[in-house]
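Per-entry structural report
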2 protein chains.
Amino acid sequence: MSLAAEAAKEQPLPNTLKAALTELLGDRFTTATSVREHHGKGEAYHTAALPDGVAYANSTEEAAAVVKACAGHGIPVIPYGTGTALEGHTLALRGGITLDLSGMDQVIRVSPEDMDCTVQAGVTRNQLNEYLRDTGLFFPVDPGADASLGGMAATRASGTTTVRYGAMRENVLALTVVLADGRVIQTARRARKSAAGYDLTRLFVGSEGTLGVITEVTLRLYGIPEATRAAVCSFPDLEAAVNTVITVVQCGIPIARCELLDKTGMKMICDYGKLDEYTIGDTLFMEFHGSEAGVAEQAEMVQAIAADYGAGDFKWATKLEDRNKLWEARHNGHYAILATAKPDQHVMATDVCVPVSRLAECIMETKADIEACGLVSPFIGHAGDGNFHMSIIANYDDAAENKLAHDIHDRLVHRAQDMEGTCTGEHGIGSGKIDYLEEELGAAVEVMRAVKRALDPGDIMNPGKMLRL
Amino acid sequence: MSLAAEAAKEQPLPNTLKAALTELLGDRFTTATSVREHHGKGEAYHTAALPDGVAYANSTEEAAAVVKACAGHGIPVIPYGTGTALEGHTLALRGGITLDLSGMDQVIRVSPEDMDCTVQAGVTRNQLNEYLRDTGLFFPVDPGADASLGGMAATRASGTTTVRYGAMRENVLALTVVLADGRVIQTARRARKSAAGYDLTRLFVGSEGTLGVITEVTLRLYGIPEATRAAVCSFPDLEAAVNTVITVVQCGIPIARCELLDKTGMKMICDYGKLDEYTIGDTLFMEFHGSEAGVAEQAEMVQAIAADYGAGDFKWATKLEDRNKLWEARHNGHYAILATAKPDQHVMATDVCVPVSRLAECIMETKADIEACGLVSPFIGHAGDGNFHMSIIANYDDAAENKLAHDIHDRLVHRAQDMEGTCTGEHGIGSGKIDYLEEELGAAVEVMRAVKRALDPGDIMNPGKMLRL
C-alpha cells in the first residue's frame, strides 16, 4: 500500500476535498450511508467495503475534475457503472470516492455506414441495443447482467456471443480515459485498424479501473442477421455436449451462441425463467445467425454432429419472443442460482477458461470434486471459448464449509492453470483472484506492476484490485 | 535521447561486450561490414543506418543473454526478422546490436483440436502454412512480404484477409518476450480468452521492438474452408469499386478478401505477375470462403451489388493454381511497384486507414493531389478495412521532387486524420511517422512514453522508433 493510500485509510475525507466535490457536483456528491452502502458491496460473496463518499459524474469533464481533486489529496477513486462485477471490483477496500458513471447515459454518435458508435460509459448494453433498434445494427457482447459498456470495457467482458463476435477486447475501437492525475486521453481514432503506437485501447480494456477511468467507448456494431434460429438440445452426459461443441468449432461452423448447462444449472435456469418445455439434463443452448440458407445449413450440420454424440432432438425457438425468453433465462443464470440459496447461504461465482480440448476433462474433474465434498454448484459455460462458470452455493459464515468451498475453488483454478488455461476467462481479477494472477503469469505480473506505477504512481485508481504493489 | 544512447552513439562497441557476445554465440556474432549493411537498411526509401554488430540468436535463452549483455553496457538492441518492414523499423539509428532472429525457425507446437500453435519468432507466415498443410488448418494474416511471425506481431501486421479473420491483434494468443533487462516473460496462457490482468499480449503486439524482443508467438489457426473461390472484377471507376466494398461489408457478407487496385496499380501488378487475362482498370480482387453453398450465395450477392455499381463480369479463379497466381501477384504488389522505378527513383510506401464511409473520398482527393503534382503512385488497398497504400515513385535525391513527394504524403496523412482515421493502418510508426503519431493522439502519446520509460528505462530497445522520448 502506498503512503498516500495508508493515509487515506486512516483519516476520513479531507474537508477541502468534500467542499471541492460539493462545489463541482452539488448534491451529486454525497456521504450518505445508504448510498455508500449501495456502492460498497459487489454482487458476489465478498465482504462489503464502503467508500467515504460517492460522486456522480455526468460528463468526462466532471469525471476528470473529480479524479484531479482526489489525486490532489491522495484519495482513492473507484469507478462504478452498474455494480454487477463479480470479483469485488467495486469494493472501496481503502475507502475514498466511488465515481458513479451511471448518469453518463448518452449515446453520443452512431455511424450506420461505418457500423460503429460512441457511447458514454454509463450506457448499458440493453440501452444501446434498444437505441440501435431502428438502424438494423446491434452490439453483440452480452455478459449476464445488463452492465454498463464502460464497466464491460474495464473488465474485458464477454458473453454468449463471443464465440462468433469476440469479446470487448475485439469490439472496442477507442476509449476516452481520465488518467490518474485528471488528464483526459483518447486512446485511438475510429479507423477499423491501426498500427499507430502502443495499443492503449487494449491496455485499458480489462484494466479494471486501476489505470484510469473509462468515460467514453467507441464500439464496433454488426448488422442484425437476416435470419436467426435458436435451439435447445439435451445430451446423454456433459462430455457428449462438450464434444459436440468442440467438433462444431473445429468444423468452422460460425455458430453465434453455444452455451453449456449441466443438469443442475439447467434445472435452476428453467425454474427461475419459467421454461417448462425443456428436458432437464446436460444441455446446449445454441443460436445460428446468417442468411436463411446459411442458417439452415449450419443447423443441419450441428444437428448431425450432435446426433453422433447421442443428443436428443433439437427444440427450436424461431419466434423472436421465444428466443428472447430463452436468452433472458440464460442471462439471468446468476440470479437463478442466487434464488436457490437458503437464507444462510451465499454464492461464490467464479470462472476459468481452458483450451477447448481440455474443457470436458476440466469440468468433469471439478464436478467430481464438488460432489465428493457434498456441496452444490451448477456448471454453465461459454463452451465454444473453453470458458465455464462455477457457482458454489454454501454457508460462508460456517468456517468449515467456507474452507471447503474455497478449497474446491482453489483446486478448480489450479486445474485450469495446469491445463494451460487461465484463472478467469471473463470475470476478471478484482480483489478475489490477485494471488492466482501471480501464480499464472509470474514475472509478467512485475511488468503489470511497472505499468501501474508509471500511470498511477500514487496508487489512487481502484487500489487493492488486480495487483499487489 | 537518453545518456546511455548518447554514449553508445559516440563510441564503438565495448570490447567486453564483443567478447561476451562472441563467447555466447561464436561466429553467430559478427561485426562484418557486409552483414551490418544488410541489416541496416529497410525495404523503403529511408536512409540506411548500420548497427555496430549483428547477433544471431537461436533460442529465447540466447536472445535474453544478448539483451542482458547489451543492457549492461547501455548498448541499443534492434530486433530483426526478415527486414521487410516499411517504416524504417530495423534501422540502427543509434548503432548497437541488431538481434537477428531468423535462426529461430522452429514450429514448437501445433494443437489441431484447439486450432492454435506456438512458433519461434523467426518462422515466416509461408513456412508456417507449409508446415500446417497436412493438418487442414491455416494461419490467415498475410502482409505482402513473407515476413516472420515475430516481426508481424511486433508491427501489428495485417493483410488481405483481415476483413474476415482479423489482424495480428486478433490472432496472437500469447507471446514470449525478452524484456529490456534480459528477463523473460510469457504474456498470457493459451486459453482463447482471459480477463486475467493487463493485456500484455496486445501491449507488445505493435510495440515495434521498443519494449522488448518477441521470441515466441502463440497463434490462432483456422480450418481451411471447404470451398474457396476467387474473382477479379473491373469497375467503371474507383468510387464504384469502393462503394461496392462498403455495401458488401454493411450487408454482413463474410467476404474473405476484398482488395482494391486502381488502374495504375492493376497495370503494375499484372505486368509483374504476368496476369494477362484481366482488364486493366479500377479493380477488386475478391475471395470467398465457406461451404460450397455458402460461397455460391456470397458470390451471388456480391455480384448483384457490383452490378448495381456498373461493374463488369466477374472473372473466376477457382483452381488452386490460378488463385495462388492471383494472390501471389497481389502480395508482390510492393515489388511490382519497385520494378517500375527508374534507376534514380525510389518508392515511398505508406498507408493510412479511415472509417470505411470516408474511403472513396480519401482516395479520390489523394489521387487528384498526386496527379496535379505530376508524380505517379498506384493505390492498392484493403478496402473492407478502410485501409489503403500509396507508393509514391520519385527521385528522392532531387530536392524539389523529394519535397513534392513528402508534401503529398503529408497531406495524405492529415487528410486521413481529419477523417477520424489513422496515419498507419498496418505499416506502423517506425522512424518515418513519429510526428504524425503525436498529431494523431496528442496526450495519449505521453502515456506511451510513460510505459516505454517504465519498461525500458535505459532506452536501449530499438531506440528512436515510434516515440521521441
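Residues numbered from 1 in each chain as written. Chains lettered and ligands numbered in written order. Predicted model: local features only at pLDDT ≥ 70, side-chain atom pairs only at ≥ 80, totals over all residues.

**A short note on the overall build of chain A**
Per the secondary structure count, chain A includes 18 helices and 18 strands. Relative to the 2.2 N^0.38 estimate, which gives 23 Å for 469 residues, the radius of gyration of chain A is 22 Å and therefore close to what a compact globule would have. Expressed as a percentage of the 469 residues in chain A, the buried residues total 59%. Put simply, 72% of the contacts in chain A that link residues at least 6 apart link residues at least 24 apart. (Helix = DSSP H or I, 4+ residues; strand = E, 2+ residues; numbered from the N terminus. Rg over C-alpha atoms; globule rule 2.2 N^0.38 Å. Buried ≥ 20, exposed ≤ 12 C-beta atoms within 10 Å, placed from the backbone. Contact = placed C-beta atoms within 7 Å.)

**Focus on the nonpolar core**
For soluble globular proteins, nonpolar side chains are generally found buried alongside one another. Counting 295 residues, the largest nonpolar core has V66(A), L99(A), V66(B) and L99(B) as its most contacted members. Setting aside chain neighbours within four positions, we find V66(A) in contact with L21(A), L24(A), A55(A), A57(A), I97(A) and L99(A). (Core = buried A, V, L, I, M, F, W, Y, C linked by C-beta atoms within 7 Å.)

**Observations concerning the interface of chain B and chain A**
Taken together, the contact pairs 75 residues of chain B with 75 residues of chain A. Residue contributions to the side of chain B that touches chain A peak at 10 residues, all from helix α18 (residues 443-455) of chain B. Broken down by class, the residue content of the side of chain B that touches chain A amounts to 33 nonpolar, 24 polar and 18 charged. (Nonpolar A, V, L, I, M, F, W, Y, C, P; charged D, E, K, R; others polar.)

**Quick notes on the sheet that holds strand β12 (residues 227-235) of chain A**
Residues and elements named next belong to chain A. What the seven strands build is an open sheet, ordered β15-β12-β14-β13-β17-β18-β16; its pairing is antiparallel. The open sheet is flanked by β15 (314-317) and β16 (346-353), the only strands paired with a single partner. Direction aside, the axes of adjacent strands within the sheet are offset by 20 degrees on average. By the bridge criterion, eight bridges tie β16 to strand β18 (residues 387-394) in an arrangement that is antiparallel. Paired with H346 across the strands is A394, a residue of β18. Each of β13 (257-261), β14 (282-290) and β17 (379-382) is contacted by helix α11 (residues 263-273), which is oriented at about 105 degrees to β13, the strand it contacts most. (Pairing = 2+ DSSP bridges. Axes fitted to C-alpha atoms, helices over the stretch in contact; angles between N-to-C directions.)

**Re the confidence of the model for chain A**
Residues and elements named next belong to chain A. Averaged over all residues, the pLDDT of chain A is 94; the fraction at 70 or higher stands at 97%. Contacts of residues 1-8 to residues separated by more than four positions or lying in other chains number 18 contacts, the stretch itself having pLDDT below 50. Here the predicted complex scores 0.96 on pTM and 0.95 on ipTM. (pLDDT = per-residue confidence, 0-100.)

**Examining the packing of helix α2 (residues 15-25) of chain A against helix α4 (residues 60-73) of chain A**
Residue and element names in this part refer to chain A. At their nearest, the axes of α2 and α4 sit 10 Å apart, and the two run at 170 degrees to each other. Overall, the two elements α2 and α4 adopt an arrangement that is roughly antiparallel. Note on element contacts: α4 touches α2 through E62, A65, V66, A69, C70 and H73, opposite L17, A20, L21, L24 and L25. Its residues assigned to classes, the contact of α2 with α4 comprises nine nonpolar, one polar and one charged. (Parallel < 35°, antiparallel > 145°, perpendicular 65-115°, else oblique.)

**Some thoughts on the sheet that holds strand β16 (residues 346-353) of chain B**
All names here are of chain B. Ordered in space as β15-β12-β14-β13-β17-β18-β16, the seven strands form an open sheet in which the pairing is antiparallel. The sheet is open, and its two edges are formed by β15 (314-317) and β16, each paired on a single side. Between one strand axis and the next, the sheet turns through 20 degrees on average, direction left out of account. Pairing of strand β13 (residues 257-261) with strand β14 (residues 282-290), which is carried by five bridges, proceeds in the antiparallel orientation. Bridge pairing in β14 places L261 opposite T283. The sheet strands contacting helix α11 (residues 263-273) are β13, β14 and β17 (379-382), and the helix crosses β13 at an angle near 105 degrees.

**Focus: the relation of the copies chain B and chain A**
At an RMSD of 0.0 Å, chain B and chain A line up after a rotation of 180 degrees and a shift of 0.0 Å along the axis. On the angle and the small slide along the axis, the relation comes out as a two-fold axis. Most of the interface of chain B is mirrored in chain A, where 100% of its interface residues are also at the interface. (Least-squares fit on C-alpha atoms with pLDDT ≥ 70 in both.)

**Thoughts on the pairing of strand β8 (residues 172-179) of chain A**
All names here are of chain A. Counted residue by residue, β8 has eight buried out of eight residues, so it is predominantly covered. Of the pairings in the sheet, the one linking β8 to strand β10 (residues 212-220) comprises seven bridges and is antiparallel in character. Residue pairing in the sheet places L179 in a bridge with G212 of β10. With three bridges connecting them, β8 and strand β9 (residues 184-186) associate as antiparallel partners. Within the sheet, the bridge partner assigned to T176 lies in β9 and is Q186. The hairpin turn running from β8 into β9, its antiparallel successor, is four residues long, and G182 in that turn takes a positive phi close to 95 degrees.

**Comments concerning the environment of M466(A)**
Relative to the elements of secondary structure, M466(A) occurs in the segment after α18 (443-455). For the pair M466(A) and V445(A), spaced 21 residues apart in the sequence, the C-alpha separation amounts to 9.7 Å. Not counting the four nearest positions on each side in its chain, M466(A) is found in contact with E208(A), T210(A), I429(A), I434(A), L437(A) and G197(B).

**With respect to the pairing of strand β2 (residues 53-56) of chain B**
All names here are of chain B. The two faces of β2 match: G53 and A55 on one face and V54 and Y56 on the other face are all buried. When strand β1 (residues 29-30) meets β2, the two strands line up antiparallel, connected through two bridges. Bridging across to β2, T30 finds its partner in V54. Note: β2 against strand β4 (residues 97-100), four bridges, orientation parallel. Bridging from a neighbouring strand, Y56 pairs with D100 of β4.

**Brief notes about unusual backbone geometry**
All names here are of chain A. Unlike most non-glycine residues, M115 shows phi in positive territory, near 50 degrees. Along the chain, the position of M115 falls in the loop between β5 (107-111) and β6 (116-120). In this structure, K274 takes a positive phi of about 55 degrees despite not being glycine. Within the fold, K274 resides in the loop between α11 and β14. Classification of K274 as exposed rests on a count of 8 C-beta atoms within 10 Å.

**Considerations on the environment of L13(B)**
Within the secondary structure, L13(B) is located in the loop between α1 (3-10) and α2 (15-25). Not counting residues up to four positions away in its chain, the partners in contact with L13(B) are K18(B), D52(B), G53(B) and I75(B).

**Describing the packing of helix α15 (residues 359-373) of chain B against helix α16 (residues 399-418) of chain B**
Residue and element names in this part refer to chain B. In contact at an axis separation of 10 Å, α15 and α16 are set at 165 degrees when each is read in the N-to-C sense. Classified by the interaxial angle, the pair formed by α15 and α16 is roughly antiparallel. For the crossing formed where α15 meets α16, the hand is right-handed. Between α15 and α16, the residues in contact are C362, E365, T366, D369, I370 and C373 and L404, I408, R411, L412, R415 and A416, respectively. Per-class residue counts for the contact of α15 with α16 are seven nonpolar, one polar and four charged. (Left-handed = near helix turned anticlockwise from the far one by under 90°.)

**Thoughts on helix α13 (residues 320-331) of chain B**
Because the α-helix completes a turn every 3.6 residues, residues three or four places apart line up on one side. Residues and elements named next belong to chain B. Its 12 residues give α13 an end-to-end C-alpha distance of 16 Å, which sits within 8% of 16 Å, the value for a rise of 1.5 Å per residue. The complete set of buried residues in α13 reads L326, W327, A329, R330 and H331. In this structure, the buried residues of α13 make contact with β12 (227-235), β13, α11, β14, β15 and α14 (333-340). (Expected span 1.5 Å × (residues − 1).)

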